[in-house]
Amino acid sequence: MKQEIQDLVNKGLMLPLMEEFYTIQGEGYHKGTAAYFVRIGGCDVGCHWCDVKESWIADLHPPTKTETIVANAKKYSDTVVVTGGEPLTWDMTELTKQLKEEGCKIHIETSGAYELTGQWDWICLSPKKMKLPTKKVYEKADELKVIIYNKDDFKFAEEQASKVNDNCILYMQPEWSKRDKMIPLIVDYVMANPKWKVSLQTHKYLNIP
């Protein structure tokens, strides 16, 4: 039985679902927009400042039928954000196909560390130094969101910006625990380099998921 379930997960017909919830998008280009979030378990990128480390181990999260995820999502919103963990650990083809059939706008939040699968209306790429994005994700990204944890991250941000397409919107976002220290540096940097914009985790200020 376990092998049968694993085969379905490998095909994207089931996915390790960590949580799903209806809230307001707090970050980046679509901040302030009501959206249904689908958080998929499984990630081996290993950011030390990750605020959902419990998402890393896929086996902790129950394999859930993709059609069930879609049925839940469409009850709440036509904007669905797929996040993780790292959702591209899994084949997103079936999930996005079914969401598209329901008329949903589908966004993904990804480190880009794995091959891009699925049909997306918006790709938020948040690259990590430990496992850099694939070429295709750089080419397809609609927004680049670089987390600024220390001063070295400004250099990393510019390296990443040089790899995305010309229409990609560039954001710098302070790592939450370092925000008081990093926000003034980000503000100064963006004012000196106005191709960048500031992204804040407004959902945390609003005290919502």
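Numbering of residues starts from 1 in every chain and runs along the sequence as written. In view of the model being predicted, local features appear only for residues whose pLDDT reaches at least 70, and side-chain atom pairs are presented and counted only at 80 or more, with totals across whole chains, interfaces and linings using the full set of residues. Excluded from the side-chain calculations are hydrogens and water; all other atoms, namely the structure's heavy atoms, are used.

Once that is clear, we can look at the pattern of salt bridges. The salt bridge definition used is simple: a Lys or Arg side-chain nitrogen within 4 Å of an Asp or Glu carboxyl oxygen. Here the structure, examined in full by the defined rule, presents ten salt bridges. In this structure, Glu 102 and Lys 74 form a salt bridge, with 3.4 Å as the shortest nitrogen-oxygen distance. Here Glu 102 is found in the loop between helix 3 (93-101) and strand 5 (105-110), whereas its partner Lys 74 is found in helix 2 (residues 66-74), with 28 residues between them in sequence. Asp 78 is paired through a salt bridge with Lys 105; the nearest N and O atoms lie 3.3 Å apart. The helix and strand labels rest on DSSP assignments: H or I over at least four residues marks a helix, E over at least two residues marks a strand, and numbering proceeds from the N terminus.

Attention shifts here to the nonpolar core. What we call a nonpolar core is a set of buried Ala, Val, Leu, Ile, Met, Phe, Trp, Tyr and Cys residues that are connected through their side-chain atoms within 4.5 Å. Any residue under 20% of the maximum accessible area for its type is buried, any over 50% is exposed, and the rest in between are partly exposed; the area is computed with a 1.4 Å probe on protein chains only. Core analysis: the largest hydrophobic core is formed by 43 residues, its most contacted members being Val 82, Met 92, Leu 95, Leu 99, Trp 120, Leu 144 and Trp 196. Residue contributions to this core peak at four residues, all from helix 5 (residues 152-161). Residues are treated as being in contact if the distance between any of their heavy atoms lies within 4.5 Å. Ignoring sequence-local partners within four residues, the contact set of Trp 196 consists of Leu 144, Val 146, Ala 157, Glu 158, Ala 161, Leu 170, Tyr 171, Met 172, Tyr 189 and Val 190. Formed by six residues, the second largest nonpolar core is a distinct cluster that contains Val 45, Cys 50, Val 52 and Ala 113.

Here we come to the packing of aromatic side chains. Pairing of aromatic rings covers Phe, Tyr and Trp, the last counted by its six-membered ring, and requires centre-to-centre distances within 6.5 Å; plane angles under 30 degrees mean stacked, over 60 mean edge-to-face, and any other angle means tilted. Tallied over the entire structure, the rule returns six aromatic pairs. Summarising the aromatic geometry, the rings of Tyr 22 and Tyr 76 are spaced 5.7 Å apart at their centres and angled 45° between planes, so their arrangement reads as tilted. One end of the pair, Tyr 22, is in strand 1 (residues 14-24); the other, Tyr 76, is in the loop between helix 2 and strand 4 (79-84), with 54 residues separating them in the sequence. Accessibility expressed as a relative area gives 42% for Tyr 22, which makes it partly exposed.

Sheet architecture is open: nine strands sit in the order 3-1-2-4-5-6-7-8-9, paired in mixed fashion. Each edge of the open sheet is held by one strand with a lone partner, namely strand 3 (63-65) and strand 9 (196-198). Across this sheet, the average inter-strand angle for adjacent strands is 30°, counted without regard to direction. DSSP calls a pair of strands paired once it identifies at least 2 bridges connecting them. Here strand 4 pairs with strand 5 via four bridges, running parallel. The residue of strand 5 that forms the bridge with Val 82 is Ile 108. Axis geometry follows a simple rule: fit a line to the C-alpha atoms, using only the stretch in contact for helices, then measure angles between N-to-C directions, giving values from 0 to 180 degrees. Relative to the sheet, helix 2 contacts strand 1, strand 2 (34-40), strand 3 and strand 4, its axis offset from that of strand 3 by approximately 70°. Relative to strand 7 (residues 143-148), helix 5 is tilted by about 165°, and along the sheet it contacts strand 7, strand 8 (169-174) and strand 9.

With that settled, the discussion passes to unusual backbone geometry. Note the cis peptide between Gly 84 and Gly 85, where omega equals 15°. Looking at the secondary structure, you find Gly 85 in the loop between strand 4 and helix 3. Located in the positive-phi region is Asn 207, a residue other than glycine, with phi close to 60°. Position of Asn 207 among the secondary structure elements: in the segment after helix 7 (202-206).

With that settled, the discussion passes to the pairing of strand 1. The pairing of strand 1 with strand 3 spans three bridges and is antiparallel. In the strand pairing of strand 3, Pro 16 is matched with Pro 63. Strand direction decides the pairing type here: strand 1 and strand 2, joined by seven bridges, are antiparallel. Across the sheet, Glu 20 pairs through a bridge with Val 38, a residue of strand 2.

If you trace the backbone, Glu 159 turns up in helix 5. Judged by its relative accessible area of 36%, Glu 159 is partly exposed. When the C-alpha atoms of Glu 159 and Asp 121 are compared, they prove to be 25 Å apart, with 38 residues separating the residues in sequence.

Put simply, helix 2 and helix 3 touch, their axes get as near as 10 Å, and they point 35° apart. For the pair helix 2 and helix 3, the sense of crossing is right-handed. Residues Thr 66, Glu 67, Ile 69, Val 70 and Ala 73 of helix 2 lie in contact with helix 3, whose contacting residues are Glu 94, Leu 95, Gln 98 and Leu 99. In this classification, Asp, Glu, Lys and Arg are treated as charged, Ala, Val, Leu, Ile, Met, Phe, Trp, Tyr, Cys and Pro as nonpolar, and every other residue, Gly included, as polar. Of the residues in the contact of helix 2 with helix 3, the class split is five nonpolar, two polar and two charged. Note on convention: the crossing is left-handed when the near helix lies turned anticlockwise from the far helix by less than a right angle, right-handed when the turn is clockwise.

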